Amino acid sequence: QLAAGIKVLIYAGDQDYICNWLGNQAWTQSMAWPHRGDFNSTKPVDWKVDGKAAGTIQSSNNFTFLRVYDAGHMVPRDQPANALAMINAFISGEI
């Protein structure tokens, strides 16, 4: 639970037509939780992997929404290196 301080990562490929990134971004910004205002006051910023633009990221209070460029519904299949970088960054606490 976010209110309990558990880290949460939500990600979506920007070419996903099943669960599009705009809809995912909308529900992450409208979700009721104690730090909703803090999260919504942050702006998505560039997310880079090996110095190259790989998506955008919005993060606050252990909650992160990451949009992955050039990926569909199966981000790890479409962008395997970027998906691995995302998971490693999440596990290590970088995001």
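This text gives an overview of the structure that appears in the document. Remember, predicted model here, so these are calculated numbers, not experimental data. Sequence order as written defines the numbering, with residues in each chain counted from 1. Residue-level local features of this predicted model are given only where pLDDT is at least 70; pairs of side-chain atoms are given and counted only at 80 or more, and the full residue set underlies all totals for whole chains, interfaces and linings. With hydrogens and water set aside, each side-chain value is computed from the structure's full complement of heavy atoms.

### Quick word on the overall build of the protein chain
- Check the secondary structure of the protein chain and you find 4 helices and 4 strands.
- The helix count covers DSSP runs of H or I at least four residues long, the strand count covers runs of E at least two residues long, and both are numbered beginning at the N terminus. What you see in the protein chain, going N to C, is helices and strands ordered as β-α-α-β-β-β-α-α.
- In this treatment the radius of gyration is a C-alpha quantity, and the globule benchmark scales as 2.2 Å times the residue count to the 0.38 power. Relative to the globule expectation of 12 Å for 95 residues, the C-alpha radius of gyration of the protein chain, 13 Å, shows essentially globular dimensions.
- With the principal axes as the frame, the protein chain shows a C-alpha extent of 35 × 30 × 20 Å.
- Only protein chains enter the area calculation, which uses a 1.4 Å probe; residues under 20% of their type maximum are buried, those over 50% are exposed, and those in between are partly exposed. A total of 95 residues make up the protein chain; the buried ones form 38% of that total.
- Contact definition: two residues touch when any of their heavy atoms are within 4.5 Å. Taking all contacts inside the protein chain whose residues are at least 6 apart in sequence as the whole, residues at least 24 apart take part in 51%.
- Charge counting treats Lys and Arg as positive and Asp and Glu as negative, with His and both chain ends excluded. Taken as the charge centre is NZ of Lys, CZ of Arg, CG of Asp or CD of Glu, depending on the residue. Each charge sign in the protein chain was given a centre, from 7 positive and 8 negative side chains, and these centres are 4 Å apart.

### Points about the environment of Trp33
- Position of Trp33 relative to the elements: it lies in the loop between helix H1 (21-30) and helix H2 (36-41).
- With a relative accessible area of 10%, Trp33 lands in the buried category.
- C-alpha of Trp33 to C-alpha of Lys52: the two residues are 19 residues apart in sequence and 33 Å apart in space.
- Other than its neighbours up to four places away in sequence, Trp33 contacts Leu2, Phe39, Ser60, Asn61 and Phe63.

### Some points on the sheet that holds strand S3 (residues 52-60)
- Here the rule is simple: two strands pair whenever DSSP picks up at least two bridges between them. Read across the sheet, 4 strands follow the order S1-S4-S3-S2 without closing on themselves; strand pairing throughout is mixed. The sheet is open, and its two edges are formed by strand S1 (8-13) and strand S2 (45-49), each paired on a single side. Strand-to-strand twist across the sheet, computed as the mean angle between neighbouring axes with direction ignored, equals 30°.
- Two strands pair when backbone bridges link them, and S2 and S3 are joined in this way by 5 bridges, in the antiparallel orientation. Note on S3: the bridge partner recorded for Lys48 is Ala53.
- Inter-axis angles, ranging from 0 to 180 degrees, are taken between N-to-C directions of lines fitted to C-alpha atoms, where helices are fitted over the stretch in contact. In the packing of H1 onto the sheet, contacts are made with S1, S3 and strand S4 (63-68), and the angle to S4 comes to roughly 170°.
- The strands that helix H4 (residues 80-92) touches are S1, S2, S3 and S4; relative to S2, the one it contacts most, it runs at about 110°.

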